[in-house]
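Single-letter residue listing:
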Amino acid sequence: MNTRATDALAKTMGEEEAIYVSSQWQLIRAKFLKHRLAVFGTIVVALFYLMAIFSGFLSPYEPNERHTDYVYAPPQSIHFSGLRPAVYGYQQTEDPKSFRRLYTVDRDKSYLLRFFVRGTKYKILGLIPSTVHLFGVPDGTVFLFGTDRLGRDLFTRNLYSSAISLSIGLLGVALAFFLGCLIGGISGFYGGLVDNVIQRMIEFLRSVPTIPLWMALSAALPPQWPPLRIYFGITMILSLVGWAGLARVVRGKLLELREEDFVMAARLAGASDARIIARHMLPGFMSYLIVDVTFSIPDMIIGETALSFLGLGLRPPVVSWGVLLQDAQNIRTITQQPWLLIPALFIIVVVLMFNFVGDGLRDAADPYKTV
Amino acid sequence: MFGFIVRRVLYMFVVLIAVSVVSFVIIELPPGDYLTSYIVRLKQTGGGTITEDQIASLRKQYGLDLPMYQRYLKWMWNMIHGDMGRSFQFGEPVWDLVMQRLPMTILLSLATIIFSYAVAVPMGIYSAIHQYSFGDHALTALGFTGVAIPNFLLALIVMFGLHRYFGLNIGGLFSPQYATAAWSGAKVLDLLKHLPAPILVIGLSNLAWLIRIMRGTLLDELNRPYVAVARSKGLKESTLLWKYPVRIAINPIISTIGYSLPAIFSGSTIVSIVLNIPTIGPLLFTALVSQDSYLAGSCVFLLSALTVVGTLISDILLAYVDPRIRLVQ
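Here the structure is a predicted model, which means the values were calculated and not measured. (Residues numbered from 1 in each chain as written. Chains lettered and ligands numbered in written order. Predicted model: local features only at pLDDT ≥ 70, side-chain atom pairs only at ≥ 80, totals over all residues. Heavy atoms only, no water.)

(A) View of the overall build of chain B. If you tally the helices and strands in chain B, you get 17 helices and zero strands. Carbon and sulfur atoms make up 66% of the accessible area of chain B, which amounts to about 16600 Å² in all. (Helix = DSSP H or I, 4+ residues; strand = E, 2+ residues; numbered from the N terminus. Areas by Shrake-Rupley, 256 points an atom, 1.4 Å probe, with all protein chains shown as cover.)

Laid out in structure tokens, this is it:
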């Protein structure tokens, strides 16, 4: 059943009655769709994830490809030559005092953007090898976000980073979600001493500052670990602290629902504990959990970014937004090369959009409240 | 009230013990122990060779031959007596290093808390009584951005903006000429000039969150029948507002201190690193980077302990303000 079905029902039997026969999820969806900002946020977040999946295809270069002739080159903007998009080339001079390379736009050199060009090899989702890139400038350069101190294309690096940073958010939350459901479930369902111990644990985790804890734990990851293992290590550290909030929600709702008649009925009918939790109680508070999960994802993304930014999280050659921002740490570099701050913009937009989505979901989570 | 305080203090000690266990684990986590790093350092600085016998006696001296729980107890015992071990990096007792930075850490966090509550309450009230006005929407927008911009990024952006457009450098808490000078009136003034930027950066997300809570609870109160009754009886609008709904709505705001504190200590750690402010945060950072494990563990312990003690104080204050709390618990 979907909203179209609800609309159809609404037409035939009038708004009021449609509300009575709609399922909980239909109502949630209908209410969510009314929240314009949340819908907008969902679309942007979805686009970001699509961008992350197809980062290899969308980016003209390879993240660790060095263009040694173009160190700290400023962003090239796209203009139209006739109807076709093109970029201007650079003219390089050297500052006699600081020996810095200075770039000026050379309007005489205009390179047309070619689409679906063949370039460096990459793998879609790490599986399907391909060499086709959405765009490229075979006879010149195209650095839409400029380059870094090694002449690497920052547009490419930002796209590849989004894959890492966004996936760490999802993965970390998935792990925290699992832990939160499991531990919160045990706590709320059994109550008593178990509940007491788990509650104290949660309170403890919530009462210590997270950043110092994250920093200390991730600094303890052995430096000789391969990048992939570091990635999972960081994810686990983030979720080790992050499950507490989810467990609290699960426990609170379970305690509430435990007293309901339908739970008693299920128990009398001989359902096992696991079945009662999963089949009868979980659907009752799933929507609240989803709200909490939505708000946790940006927290995890920020956590990873902060750690990598400090040099305690992911390490090169892996690129994440935090790793990219490592280059933007001192004030001299960012005043001379402000484009190094572009990853910050990505983070802010993603976090903001996740917050919009979460806000919409929170309003929609309990559709019976105001309908 | 007395019973409540005793219970809370006892509970705090339990949490502190848990914090100390976690900190100890952090000290023990990196591969190798104090001695292996010490030997490596000795070799690097050309301190000659070290015999197996010497190593064994050093092991004994530092208690590294003991099982883990005994090492923990020893560490705890020493810490209670003001000995947190030595820092390899600075060659000084950890206690001295940490205590130098403790006052600034407390000052910065305290100032941030006072700032965020002092600003959030009036803004929240304004937002609630002018619901859907331009000001309300502006504050909501501020709230969203405040939540969305991670504070270390905000620190970077503010630093960049101030430097680029005003030529100001907000790194550090003192101008160069005062950094090592003794305390004087001029130094305090200099400090006051440098404080607002970090406070704003650390406090913004907390501020944004508090405004939303204040607005929400006050709106709930304003829709209650007693407000309508008071209004129908001709009570002056300002008296009505300040005497009843605001006073009720302010209680949940005070009780959020327990959640704000960890966030503020967390935020001040990373913002201090970015803005180079002499709090415990940057000390922890350098300790972690150079694997100075005693210093790192002690920093984590102290930051967590500060949060826990702060929460205790706020709990007692809250119980003092709101009698219901001490009766329920």
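Don't stop here, the text continues.
(B) Molecular detail of the packing of aromatic side chains. Applying the stated criterion across every chain, the model contains 16 aromatic pairs over all chains. Ring centres of F309 of chain A and F152 of chain B lie 4.9 Å apart, and the angle between their planes is 35 degrees; this geometry places the pair in the tilted category. In this pair, F309 of chain A sits in helix α11 (residues 273-310) while F152 of chain B sits in helix α7 (residues 151-166), so the two residues belong to two different chains. When its relative accessible area of 1% is taken as the criterion, F309 of chain A is described as buried. Residue class for F152 of chain B comes out buried when judged on its relative accessible area of 1%. Clustering of aromatic rings is evident, with ring pairs tying together F48, F135, F145, F155, W321 and F346 of chain A. Seen from the ring of Y288 of chain A, K253 of chain A lies directly overhead, with NZ or CZ sitting 3.9 Å from the centre. (Phe/Tyr/Trp six-rings, centres within 6.5 Å; stacked < 30°, edge-to-face > 60°. Buried < 20%, exposed > 50% of the residue type's maximum accessible area, 1.4 Å probe, protein only. Lys NZ or Arg CZ within 6 Å of the ring centre and 35° of its normal.)

(C) Fine view of the confidence of the model for chain A. The predicted model of chain A has a mean per-residue pLDDT of 82, with 93% of residues at 70 or higher. Per-element mean pLDDT across chain A ranges from 59 in helix α1 (residues 3-13) of chain A up to 90 in helix α4 (residues 36-53) of chain A. (pLDDT = per-residue confidence, 0-100.)

(D) View of helix α6 (residues 154-190) of chain A. Residues and elements named next belong to chain A. Compared with the 54 Å implied by 1.5 Å per residue over 37 residues, the 52 Å span of α6 between its first and last C-alpha is a close match. Capping the start of α6, D153 holds a side-chain oxygen 3.3 Å from the backbone nitrogen of F155, two or three residues further along. Once α6 ends, the next one or two residues include G191, with phi positive near 65 degrees. (Expected span 1.5 Å × (residues − 1). Polar contact = N/O pair within 3.5 Å; in protein donor to acceptor, adjacent residues only side chain to side chain.)

(E) The arrangement of the packing of helix α3 (residues 24-34) of chain A against α4 of chain A in detail. Residue and element names in this part refer to chain A. Viewed as axis vectors pointing N to C, α3 and α4 meet at an angle of 95 degrees, and their least axial separation amounts to 5 Å. With respect to their mutual orientation, α3 and α4 come out roughly perpendicular. Here F32, L33 and K34 of α3 lie close against α4, whose contacting residues are R36, A38, V39 and T42. Partitioned by chemical class, the residues of the contact of α3 with α4 number four nonpolar, one polar and two charged. (Axes fitted to C-alpha atoms, helices over the stretch in contact; angles between N-to-C directions. Parallel < 35°, antiparallel > 145°, perpendicular 65-115°, else oblique. Contact = heavy atoms within 4.5 Å. Nonpolar A, V, L, I, M, F, W, Y, C, P; charged D, E, K, R; others polar.)

(F) Spatial organisation of the interface of chain A and chain B. In this assembly, 40 residues from chain A lie in contact with 39 residues from chain B. Approximately 3500 Å² of surface area, both sides summed, lies buried where chain A meets chain B, with 80% of it carried by carbon and sulfur atoms. Looking only at chain A, the three residues that lose the most surface to chain B are F204, P209 and I331 of chain A, adding up to 15% of its buried area. Where chain A meets chain B, there are one salt bridge. R212 of chain B is paired through a salt bridge with D359 of chain A; the nearest N and O atoms lie 3.7 Å apart. The tally of links between chain A and chain B comes to three residue pairs in polar contact (both at pLDDT 80 or more). Here the element with the most residues in the side of chain A that touches chain B is helix α14 (residues 342-365) of chain A; it accounts for nine residues. (Buried area = accessible area lost by both parts, 1.4 Å probe. Salt bridge = Lys/Arg side-chain N within 4 Å of Asp/Glu carboxyl O.)

(G) The nonpolar core, seen in detail. In this structure, M215 of chain A together with L153 of chain B are the most contacted members of the largest nonpolar core, which totals 178 residues. With 14 residues, helix α9 (residues 227-258) of chain A is the largest single contributor of residues to this core. Contacts of L153 of chain B, omitting those with residues within four sequence positions, involve L325, A344, I347 and I348 of chain A. Judged by nonpolar contacts, the second largest core, of eight residues, contains F32, V291, A364 and A365 of chain A. (Core = buried A, V, L, I, M, F, W, Y, C linked by side-chain atoms within 4.5 Å.)

(H) Geometry of the pattern of salt bridges. Under the criterion given, the structure shown has 13 salt bridges over all chains. A salt bridge links R200 of chain A to E203 of chain A, with the shortest nitrogen-to-oxygen separation between them at 3.0 Å. Note that R200 of chain A and E203 of chain A are positioned in helix α7 (residues 192-207) at a spacing of three residues, about one turn of the helix. Owing to a relative accessible area of 33%, E203 of chain A belongs among the partly exposed residues under this scheme. Between D136 of chain B and R215 of chain B there is a salt bridge, with the nearest N and O atoms lying 2.9 Å from each other. Separated by 79 residues along the polypeptide, D136 of chain B in helix α6 (residues 134-148) and R215 of chain B in helix α10 (residues 196-222) bring together distant segments of the chain. R215 of chain B carries the same exposure label as D136 of chain B, and that label is buried. Connected through shared salt-bridge partners, D148, R152 and R157 of chain A make up one network.

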